[in-house]
Every structure is written in structure tokens, then in C-alpha cells.
Amino acid sequence: MDKLLFGRVCLVTGTSKGIGQSIAEKFADEGAIVYANAHTHGSIDKWASSVSAKTQSDVIPVYFDVTDQNAVKNAVMQIKNRHKRIDTLVNNAGIVDYNILAMTKMDDLRNMFEVNVVAAIYLMQLVSRIMVRQNSGSIINISSLVGVEGVTGQLAYSATKGALNAVTKSASKEFAHNNIKVNAIAPGMVATERLLNIIETRFKDKMPNIGMGRLAKPEEIANACLFLASDLSDYITGQVIAVDGSTTLT
Amino acid sequence: MFNAYNNFNMDVIERYKKVFIETFKVSEKDLINGFASQNIDKWDSVAHLKLISELENEFDIMLDTDDLLELNSFEIGKKILIKYEIQI
């Protein structure tokens, strides 16, 4: 079977671990040229090399802080100058916290909006200008089920993901006539290292709320991203697709 | 005497004009007298984005958001491109 993303130029943010790495690996496996972003210089060199070797695709680390607009612009320009195109942007980089409304510090809230929302919007601004010339492209924002449903104990995080959902829907309407798809994936609880480290202390009582009775695998989120990046979803835009195994949040 | 610098500059201005001509489907003479968003009906936000995309592609630049918003006339566009070291 032909590779679904053969030759496509894809930028994925936040690939130092978890869902971001799964997405980058899945895209590389399907023949994409993957620019994998991480914050700390050198942190994903070994991983990128091993994925490139395993998949016979190019996985190229690009290091920048997503909130540093100059660094972001330089990175996007480098990709554009090299390939003259960007086919897919996955806004995956984000930060999370676990606080109820009363315990949410305003500075932490602002910082979370800077990373989870403003940075994503800025990347969409830059990349969409390249995609407009191509008259094609797919932008995928990694949101969260908590941004759709709300949840106790993650007010700031759910606010940012709710905002990202609205950004997704609005941008999809602006770019539909340019043939650029803009969608979001809203994962439920995913078996990343981060979640597994805290599940006993914070989420043990949530497990019965998952209809399928298990956490999502990061690869299952990546599969949904692959669908949205590929031609299989050519007529799908403006959607927030929950990948949650029938999870109910309280 | 052949002045390579002048010829290069002429090339740059011609390329700049070509982007406007092709984006707005106008002729070169239309660009002379105050070609600006406030007096060109077809210069809406969609056309503006297309103009920016084409200028960025033509001159290998990426505009800062402030400059993108300020680029609302043929003449102002030239001044903005100079900021990006385009000798226009």
C-alpha cells in the first residue's frame, strides 16, 4: 500500500516525548519529511536519528521555544526555503496543570495561554501563508477532551484547550476556500509517561469513567492525526475529533 | 556604463509590481496613483493575505504581524520591504 504521507513536509511541535513523538514517528513511517520540534537543544537528536533509520524517512530536529516568535519564524522560514512548502502543521506542544479555579495563579494561567493558545495561533499564522500559495494543507491542533467537556481540577488547562477548539473552528472557515483543512484532536486519557507517573495520585478514580476500560495508547492519537494529515480526510475541516474511548468527565 | 546595481533594483521593483498586478488583476498604470486598501474595493482581507503570501514567496521573507497589518498600500509596501533588506 502506498504511504499516506509520502514526500509531505510536516512540522510537529512538542516531540520530546509522549503524543508528539508518536505523531512524528507515525508520520515518518508513512513517508513524510518530519520536522520534529523540541524546546531543549540536542534533546531529540538520538531519537530522531533512530526513527529516520527505522522508517527510511527524514526526521529532522528543530529546536525552538514555541513562545519565542523570532525563533519560530526562523524555523518556519528555513523549512520553507528548503522545501518551498509545508503540508502539515501539528500544534502539539503544550503545558498542563492540575488546579481548581480557586487555586489557579494568574501568572500560571497567562503562561499556559501563551504556550497552548498564542503560540499555536502564531504558528498557524505563519504556516497558513505558505499553505495559501500551495492551495493545500492540513493544520491539526492537539486539544483535549477537557476543552470540550470541562473537568474538575484543570480549569486553566481546559480553558486553553477550549480556546484552541474555537481557534480551530474559526480558522477552518477562513481557510476553507484555500483548500486548507484545520481540525483538532481531543484526546481523553492517554498512557503517556506523564500521565502514568501521576495516575495513582490524581486519576485512579477516573478509570471507571472510561467506557473502553483502558487508557488510550499514544499511537491511537497519532493514527487520528495521520488520518487528518492525509488525503483520506480531504473533505473534513473545522472538526474537534474526540479520541477518548467513551470517557465521561466530571 | 552598465550599472548592475541599478539593473538589479529595476528587477526588484518590477517583481514587486508584478505581485500587485497579479494579485489584484490590475495594470501597471493603476499602481501609480495611491493604490491602497482604502480605495480599492477588491483589496479585502482575502486579497490582503494572498498579497502577503505572494510577496513573502517572491522575496523570500516572512513579515512580522505588525508589518503585515501595516502593508496597506503599494507605496507603504515598498518601505516595509526595505526593512527586510529588499533594495527596492
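Residues numbered from 1 in each chain as written. Chains lettered and ligands numbered in written order. Predicted model: local features only at pLDDT ≥ 70, side-chain atom pairs only at ≥ 80, totals over all residues.

Draft legend 1. Representation of helix α3 (residues 69–83) of chain A in the model. Residues and elements named next belong to chain A. Taking 1.5 Å of rise per residue, the 15 residues of α3 would be expected to cover 21 Å, and the 21 Å separating its terminal C-alpha atoms lies within 8% of that figure. All of the buried residues in α3 are Val72, Lys73, Ala75, Val76, Ile79 and Lys80. Looking straight down α3, one finds that the buried residues subtend no more than 165° of arc, so they occupy a single side. Looking at α3, the residues exposed on the side facing more than 90 degrees away from the buried face are Asn70, Asn81 and Arg82. The elements touched by buried residues of α3 are β1 (9–12), β2 (33–38), β3 (59–63) and α4 (106–134). (Helix = DSSP H or I, 4+ residues; strand = E, 2+ residues; numbered from the N terminus. Expected span 1.5 Å × (residues − 1). Buried ≥ 20, exposed ≤ 12 C-beta atoms within 10 Å, placed from the backbone. Arc of directions from axis to C-beta. Contact = placed C-beta atoms within 7 Å.)

Draft legend 2. Structural detail: helix α6 (residues 155–175) of chain A. Across its 21 residues, α6(A) extends 30 Å between first and last C-alpha, which sits within 8% of the 30 Å expected from 1.5 Å per residue. Listed in full, the buried residues belonging to α6(A) are Leu155(A), Ala156(A), Tyr157(A), Ser158(A), Ala159(A), Thr160(A), Lys161(A), Leu164(A), Val167(A), Thr168(A), Ala171(A) and Phe175(A).

Draft legend 3. Up close: the packing of helix α1 (residues 18–29) of chain A against helix α8 (residues 218–229) of chain A. All names here are of chain A. For the pair α1 and α8, the least separation of the axes is 8 Å and the interaxial angle reads 50°. Regarding the angle of α1 to α8, the classification is oblique. Of the two possible hands of crossing, α1 and α8 adopt the one that is right-handed. Across from Gly18, Ile19, Ser22, Ile23, Lys26 and Phe27 in α1, the residues of α8 making contact are Pro218, Glu219, Ile221, Ala222, Asn223, Cys225, Leu226 and Ala229. (Axes fitted to C-alpha atoms, helices over the stretch in contact; angles between N-to-C directions. Parallel < 35°, antiparallel > 145°, perpendicular 65-115°, else oblique. Left-handed = near helix turned anticlockwise from the far one by under 90°.)

Draft legend 4. Highlighting the interface of chain B and chain A. Each partner contributes to the interface: chain B provides 9 residues, whereas chain A provides 9 residues. Per-element tally for the side of chain B that touches chain A: the top contributor is helix α2 (residues 45–59) of chain B, with 6 residues. Grouping the constituent residues of the side of chain B that touches chain A by class yields 3 nonpolar, 3 polar and 3 charged. (Nonpolar A, V, L, I, M, F, W, Y, C, P; charged D, E, K, R; others polar.)

Draft legend 5. Inspection of the sheet that holds β3(A) at higher detail. Residue and element names in this part refer to chain A. Across the sheet, which stays open at both edges, the 7 strands sit in the order β3-β2-β1-β4-β5-β6-β7 with parallel pairing between neighbours. Both outer strands of the open sheet, β3 and β7 (240–243), are each paired with one neighbouring strand and no more. Strand-to-strand twist of the sheet, defined as the mean angle between neighbouring strand axes without regard to direction, takes the value 20°. Contacting β1, β2, β3, β4 (88–91), β5 (137–142) and β6 (180–187), α1 runs over the sheet at an angle of about 170° to β1. Packed on one face of the sheet, α8 meets β1, β4, β5, β6 and β7 and runs near 165° to β6. (Pairing = 2+ DSSP bridges.)

Draft legend 6. Broad picture of the confidence of the model for chain B. Residue and element names in this part refer to chain B. Averaged over all residues, the pLDDT of chain B is 89; the fraction at 70 or higher stands at 89%. Looking across chain B, the model is least confident in helix α1 (residues 4–24), with a mean pLDDT of 82, and most confident in helix α4 (residues 74–83), with 96. Per the prediction output, this complex has pTM 0.92; the corresponding ipTM is 0.79. (pLDDT = per-residue confidence, 0-100.)

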